Each structure stands twice: as C-alpha cells, then as structure tokens.
Amino acid sequence: MSGSDPRALSRALLDLCRGRKLTIATAESCTGGLVAAALTEIPGSSDVIDRGFVTYSNAAKRAMLGVKATTLESFGAVSKETAIQMAVGALEEADVDLAVSITGIAGPGGATPGKPVGLVHLAVAARDGRILHKECRFGAIGRSQVRQRSVLEALRMLTEQARGPKPPAKKAAVTSLAQPRVARSPRRTAVKRRLVKAPTKPKTEK
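1. Comments concerning the pattern of salt bridges
Opposite charge on two side chains permits them to pair, given that their charged atoms come into close proximity. Within this structure, the stated rule accounts for 9 salt bridges. Of the charged contacts, one joins D128 and R130 as a salt bridge, the two residues approaching to 2.9 Å between their closest N and O atoms. Judged by relative accessible area, which is 22%, R130 ranks as partly exposed. The salt bridge involving E153 is made with K134; its shortest N-O contact spans 2.8 Å. Here K134 lies in strand β5 (residues 131-137) and E153 lies in helix α6 (residues 143-162), a separation of 19 residues in the sequence. Given the relative accessible area of 13%, E153 is considered buried. Via salt bridges that share partners, D15, R18 and D47 belong to a single interconnected network.

Okay, here's the thing in structure tokens:
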C-alpha cells in the first residue's frame, strides 16, 4: 500500500474498520469534504462511513459541531483547540466510533501573523476518549496540494486510531471539549419508602 495513494489508504482503513466494527464521521473545513469523498469512493464504504460535516464558516462550526465561540475568539478557526472540538463534536453528533477533523489555510490568501498559508490542524477523536492531534505546515505549495496532503494525513491518523484499543459501546462517556456536561447534584434528602403491611388472610375453618 502506498502511503501517498488516497485510494489505497482509504481501502485499507475501511477494511480495518470493517474488521473491528468501527464507524467513522468526518468534520472538514479547508478540505471541503474531500476526506469523505475519498472514503465513499470505495464501494461498500457505507458500512463504515456514517456522515460528513462540511463546516466552512465559524457559524457552521458552532451550530453543527458545538465549537465554542470563546474558542474561536481566543484561538481562531485554524488551531489545535478548534480542531479537537470539531472532532469531538462530530463524534457526539454522529454517535460513531471515530471522527476526524481538518481546519487550515489552504491559500493563496488567508494568512495571518503566526498562521501562514499551508498551516493545517487535524484531530481524530475516538469513542473511548483518545484524541490525536497533528499540526502540519505544508507551506505555500498551492491550494490543491495543501488540501490533498491534508486528506492523506487525515487518513493516516484515522488508521492509527483505528488500530488502537477497540472502543467500548457507543454510549460510553467521552471527555468532551466541545460541550461540557453539567453534573447533576445529588439529592440532599433521600426519599423515604413507606412500608405497606400486607393484609393477613383470614384463616379458613376446617
């Protein structure tokens, strides 16, 4: 299998997930659905691929994946923090075993101080709580090349997570960075159970 062939990587990943009974969702920004397209190009991928989110705008990241507005304001759309929240949000929304996210600056414009063209953040969240993050700096190699190389990295990261410990049942708790749960406070007074005395049966005369 070639490490630079998206079709070969996709096929191997799908076979691995199929054998381990794992399902996948994607959350993409700068790649615009290319990871989902690479995976669904393989016949029979429907037993592994559940859905894909294309969240190009910040509003879409918030509405569809639960990315916090404070995260976007503090770290920006192209950041480790946003990528992780995108992956965790997709995992929770789709109720799958693995979810991958990609957010980056494909170019030729969009660069800001400290965030050049070619900067891409990827994350893969697993149902058992494992989270894998990677920062790539591809450079100004052209918009198409940044997007294609991002797809390859996403497929490799998904494969790495899929080879890990088999996730537990889908309803297991996941440490969410997207939408933290508020713990329920225990009741202060226990409910008293009333003991009901069963009526005695009258004795039957013989």
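2. Considerations on the sheet that holds strand β1 (residues 24-28)
Pairing within the open sheet is mixed, and its 5 strands lie in the order β2-β1-β3-β4-β5. The sheet terminates laterally at β2 (49-54) and β5, the two strands that pair on one side only. Between one strand axis and the next, the sheet turns by 10° as a mean value, whatever way the strands run. Looking at chain direction, β1 and β2 are connected through 5 bridges and run parallel. When the bridges of β2 are listed, T26 appears paired with G52. Contacts from helix α5 (residues 80-94) reach β1, β2, β3 (98-104), β4 (119-126) and β5 within the one sheet, and its direction differs from that of β4 by about 35°. On the sheet, α6 packs against β1, β3, β4 and β5 and is oriented at approximately 25° with respect to β4.

Calculation rules
Residues numbered from 1 in each chain as written. Predicted model: local features only at pLDDT ≥ 70, side-chain atom pairs only at ≥ 80, totals over all residues. Heavy atoms only, no water. Salt bridge = Lys/Arg side-chain N within 4 Å of Asp/Glu carboxyl O. Buried < 20%, exposed > 50% of the residue type's maximum accessible area, 1.4 Å probe, protein only. Helix = DSSP H or I, 4+ residues; strand = E, 2+ residues; numbered from the N terminus. Pairing = 2+ DSSP bridges. Axes fitted to C-alpha atoms, helices over the stretch in contact; angles between N-to-C directions. Contact = heavy atoms within 4.5 Å.

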